[in-house]
Amino acid sequence: METERLEPSLPTEGSEGLPGLPQEDVSITQKAMEDALRAVCTSWLAKLKQASKHKQPFTDDATEAMNFYDGNNNWFWREGVDYSRMAPPSFRMQMNKVFEAVKLFGSVIYHRNPVRTVTQKKFPVVAPEALGINPAPQTDPMTGQQVPQPQMEQFMQMSSQIGMAETVKKTVSEVVSTYLNYTPNELNLKENSRRVVDESIIKGMGLWWTELITLEKNEQGEQYGIVGSFYDSCDNLLLDPDADEQEDCLWSARRCVHPIKDVAAKYGLNESDLKGHMESYASTHDPQDRGTKTKRKNGKTNDLIVYYKIYSKTGFGHTLKGFPKEFKGIFDGLGENCYIVVAEGVNHPLNVPKDIALEQPDETGLPNSLFTRTRWPIPFHMEASNGWPWTPLQFHRKPGYIWPISHIKPGISELRFLNWAMSFLATRVMTSCKTMVGVAKAAGDDIKDQMLRHEESGFSLVELSETLGRSVDDIVSVFQMPEVNPEIWKIIEAVSMMFDKATGLNVKDLMGYALI
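Bear in mind that the values here come from a model prediction, so they are computed numbers and not experimental data.

Concerning the overall build of the protein chain
Counting its regular elements, the protein chain contains 15 helices and nine strands. Here the protein chain holds 516 residues, and the buried ones make up 35% of them. Of the roughly 33400 Å² of accessible surface on the protein chain, a fraction of 54% belongs to carbon and sulfur atoms.

Structure below.
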């Protein structure tokens, strides 16, 4: 007996007595797209400010270490920074131990370009006996003829194919190795790497940025690109402040400063759409233009723009905290790995002009050109280890903090004391070298002028009048200034040794090296 299903039959769309449902309009209006792009820029700029604030402790240490390396000799005694309650010394000097560290370690870490060797992947050699195949020829005892061995023939055929594949891979490896050893000289990798090493020793981090650059046209008028690694200061790097370790970062950004006309030409924008943030040297030092000061007040000499290249693994920006809810689903079709270029004062990403965003959408609901423009220039996000276009050189990682520790920071207190002590000691030496002469008031101005008169021979002749009736010692006396306490030299030597141990500079003594 069949059981009848007692489920109500729902009327379908278009059936009699039920009007059709209205079709949802998936197209995006111009105003909605403009507001969404503005929200993307606003959200990312807010994140960049948070990242800069999160980086501030590292920035402060890096700035102080850089000042000890190549700062003004008077920076240590600048206003607002008091290392002593005493008045600043008259003679101010700086012990450049940081420069010594850079010269000692930097020349050893990177003194020439490495030789890059590419080795093909080899398959393990498997003996036929391991597969249960007897390689010895078999003969038929009845006829005395050799018996065919199909398994051995198949093994020999596969071994021949593997040998040919290894030969091809070896040739490819040699070609790639030749190319990889050509690019360092062509792109000046040695100079870029030395700058990376120096900054890493001083500030704690140096960066190589791997980029595809376009070289000049060849004889046929064709342009070709080449991939290389280039130095850029770690000051221009910003990382995801929500991460505790660099491996957990979901986005990174690079601060760039270029002329407005170059940025406009690169991204296909009008110069009037970009807002200048900095002044170039040429715009502020034009001797023929006497109205430069007035133009600076009006913002007309700002011909440089500050913008940020953002490499995101968390979407186009619509997933960021604080992004307007009404625009949440607009950019879902772009995926998680997006490339965004933003600048203050511009209401849309530089790599996504409004006319591009408003083109005819495809099946994803977004224009195909919008998807192309938001792809990473090189898809480093596909790598498992370091999925970023930058490679850091950092010697001291800090647990629970995405920024490393400067190599100079462990000895920064000793370095401050050395600068303070040597400056006061130099002032003390200068004071001790003074010669104080006491002259009786009754001696008159004539004797004082004779003593102050400059003599090239090194001797000064002072004539005393007989009318005074007093000896020379009674009229002129020389005061002996107190000598410098020798204990201060022992203290300075001990503190200097402490700094060397903290930064590893004593390695030249421990290993018998001499710094030349």
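Here we look at helix α3 (residues 97-109)
Because the α-helix completes a turn every 3.6 residues, residues three or four places apart line up on one side. Look at α3: 18 Å from first C-alpha to last across 13 residues, which is about the 18 Å you get at 1.5 Å a residue. When we look at burial in α3, the residues that qualify are K97, V98, E100, A101, V102, L104, F105 and G106.

A word on the nonpolar core
Core analysis: the biggest nonpolar cluster contains 31 residues, and L237, Y267, L274, Y307, L350 and W403 have the highest contact counts within it. At the level of elements, β1 (206-214), β3 (237-239), α6 (260-267), β5 (304-312) and β6 (338-343) are the ones that each hand at least two residues to this core. Among the elements that take part in this core, α6 stands out by supplying four residues, more than any other. Grouped together as the second largest cluster of nonpolar side chains are 30 residues, A36, L48, L320 and V342 included.

Description of the sheet that holds strand β2 (residues 225-232)
Ordered in space as β2-β1-β7, the three strands form an open sheet in which the pairing is antiparallel. Edge positions in the open sheet fall to β2 and β7 (390-393), since each of these has one partner strand only. Taking each pair of neighbouring strands and ignoring which way they run, the sheet shows an average axis angle of 25°. As paired strands, β1 and β2 are joined by eight bridges and run antiparallel to one another. Paired with W208 across the two strands is Y231, which belongs to β2.

Focus on the sheet that holds β6
With respect to topology, four strands assemble into an open sheet ordered β3-β4-β5-β6, the strand pairing being antiparallel. Among the strands making up the open sheet, the edge pair consists of β3 and β6. Averaged over neighbouring strand pairs, the angle between their axes works out to 25° when direction is ignored. Relative to β6, β5 is paired through six bridges, and the arrangement is antiparallel. Paired with Y307 across the bridge in β6 is A343.

Some points on the side chain of T210
Structurally, T210 can be placed in strand β1. In this structure the side chain of T210 is engaged in a polar contact, spanning 3.4 Å, whose partner is the side chain of S229. When residues no more than four places from it in sequence are discounted, the contact partners of T210 are V227, G228, S229, I378, F380 and P389.

Remarks on the pattern of salt bridges
Within this structure, the stated rule accounts for 13 salt bridges. Here K97 and D500 are joined by a salt bridge, their closest N and O atoms 3.2 Å apart. Of the two residues, K97 is situated in helix α3 and D500 in helix α14 (residues 487-503); the sequence distance between them amounts to 403 residues. Judged by relative accessible area, which is 8%, K97 ranks as buried. Of the residues examined, D500 reaches a relative accessible area of 11% and is grouped as buried. For K203, the salt bridge identified is with E199, shortest N-O distance 3.3 Å. With K203 and E199 both in helix α5 (residues 189-203) and four residues apart, this pair spans about one turn of that helix. When salt bridges that share partners are traced, they join K31, D35 and R38 into one network.

Observations regarding the confidence of the model for the protein chain
Mean pLDDT over the protein chain works out to 79, with 76% of the residues at or above the 70 mark. At the level of individual helices and strands, the protein chain shows its lowest average pLDDT in helix α8 (residues 292-298), which scores 54, and its highest in β3, which scores 96. Predicted confidence is poor over residues 1-26, with pLDDT under 50, and the contacts of this stretch with residues over four places away or in other chains come to five contacts.

As for the packing of helix α2 (residues 56-70) against α3
Relative orientation of the contacting elements α2 and α3 amounts to 90°, with a least axis distance of 6 Å. Here α2 lies roughly perpendicular to α3, going by the angle between them. Between α2 and α3, the contacting residues are A65, F68 and Y69 on the first element and V98, F99 and V102 on the second. For the contact of α2 with α3, a count of residues per class yields six nonpolar, no polar and no charged.

Here we look at the packing of aromatic side chains
Each aromatic ring pair is summarised here by two numbers: the centre-to-centre distance and the angle between the ring planes. Under the defined criterion, the tally for this structure stands at 12 aromatic pairs. With a centroid separation of 5.3 Å and an interplanar angle of 45°, the aromatic rings of Y311 and Y339 are classed as tilted. Here Y339 lies in strand β6 and Y311 lies in strand β5, a separation of 28 residues in the sequence. According to the relative accessible area criterion, Y339 is buried, its value standing at 8%. Considering the side-chain rings of W388 and W390, the 6.2 Å spacing of their centres and the 15° angle between planes classify their relative orientation as stacked. Comparing W388 with W390, the two get one shared label, buried. Grouping aromatic residues by their ring pairs yields a cluster made of W209, Y311, Y339, W376, W388 and W390. One residue, R254, lies across the ring of W209, its end atom 4.5 Å from the ring centre.

Re unusual backbone geometry
Located in the positive-phi region is N188, a residue other than glycine, with phi close to 55°. Within the secondary structure layout, N188 lies in the loop between α4 (150-186) and α5. A residue is classified by how much of its surface remains accessible, and N188, at 41% relative accessible area, is partly exposed.

Some remarks on the environment of L187
Relative to the helices and strands, L187 is located in the loop between α4 and α5. A relative accessible area of 10% places L187 in the buried class. In this view, L187 contacts N192, I213, I226, V227, G228 and F230; residues no more than four positions away in its chain are not counted.

About the thresholds
- Residues numbered from 1 in each chain as written.
- Predicted model: local features only at pLDDT ≥ 70, side-chain atom pairs only at ≥ 80, totals over all residues.
- Heavy atoms only, no water.
- Helix = DSSP H or I, 4+ residues; strand = E, 2+ residues; numbered from the N terminus.
- Buried < 20%, exposed > 50% of the residue type's maximum accessible area, 1.4 Å probe, protein only.
- Areas by Shrake-Rupley, 256 points an atom, 1.4 Å probe, with all protein chains shown as cover.
- Expected span 1.5 Å × (residues − 1).
- Core = buried A, V, L, I, M, F, W, Y, C linked by side-chain atoms within 4.5 Å.
- Pairing = 2+ DSSP bridges.
- Axes fitted to C-alpha atoms, helices over the stretch in contact; angles between N-to-C directions.
- Polar contact = N/O pair within 3.5 Å; in protein donor to acceptor, adjacent residues only side chain to side chain.
- Contact = heavy atoms within 4.5 Å.
- Salt bridge = Lys/Arg side-chain N within 4 Å of Asp/Glu carboxyl O.
- pLDDT = per-residue confidence, 0-100.
- Parallel < 35°, antiparallel > 145°, perpendicular 65-115°, else oblique.
- Nonpolar A, V, L, I, M, F, W, Y, C, P; charged D, E, K, R; others polar.
- Phe/Tyr/Trp six-rings, centres within 6.5 Å; stacked < 30°, edge-to-face > 60°.
- Lys NZ or Arg CZ within 6 Å of the ring centre and 35° of its normal.

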